[in-house]
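Examination of the molecular architecture
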Amino acid sequence: MSITKTRKQELITEYKTTDVDNGGSAAAQVAVLTERIRNLTEHMKNNHKDKHSRRGLLLMVNRRKKLLAYIKKNSVSEYEELIKKLGLRK
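An unreviewed UniProt entry lists the protein under the name Small ribosomal subunit protein uS15, from Candidatus Enterousia avistercoris. For the record of the protein, the UniProt heading Sequence similarities (unreviewed entry) holds the text "Belongs to the universal ribosomal protein uS15 family." Recorded under Subunit (unreviewed entry), the UniProt text for the protein is reproduced unchanged: "Part of the 30S ribosomal subunit. Forms a bridge to the 50S subunit in the 70S ribosome, contacting the 23S rRNA."

Within the fold, Thr18 resides in the loop between α1 (5–15) and α2 (26–46). Judged by its relative accessible area of 42%, Thr18 falls in the partly exposed class. Sequence-wise, Thr18 and Lys72 are 54 residues apart; in three dimensions their C-alpha atoms are separated by 18 Å.

Rules used in this analysis
All chains use their own residue numbering, which begins from 1 and follows the written sequence. Whole-chain, interface and lining totals are the exception, using all residues; otherwise, since this is a predicted model, local features are given only for residues with pLDDT of at least 70 and side-chain atom pairs are given and counted only at 80 or more. The side-chain numbers reported here are obtained from all heavy atoms of the structure, hydrogens and water having been left aside. UniProt positions are given in the numbering used here, feature names are shortened, and annotations may be inferred rather than shown by experiment. Working definition: helices are DSSP H or I runs of at least four residues, strands are E runs of at least two. Numbering for both runs from the N terminus. Here the term buried applies to any residue with accessible area under 20% of the maximum for its type, exposed to any over 50%, and partly exposed to those in between, with areas from a 1.4 Å probe on protein chains only.

As structure tokens, then:
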């Protein structure tokens, strides 16, 4: 259900914006959240009555939405590239 440390580190290194970025950039945070959302979505398919996890999922989706809005506000081209790379819709 949760992502491993190695998978999280792989996502951060793939989506980091600078060499000194350790996962704090908005793009890296969106990538990690997307992975967690996908895992939790699979969990919710099998456990549809799990209301606590559903709330956590909704909070993650909202946080990702806010981060994407921030990226879009600052750089539309970076936003377009990120959603294309992650396979998200606009």
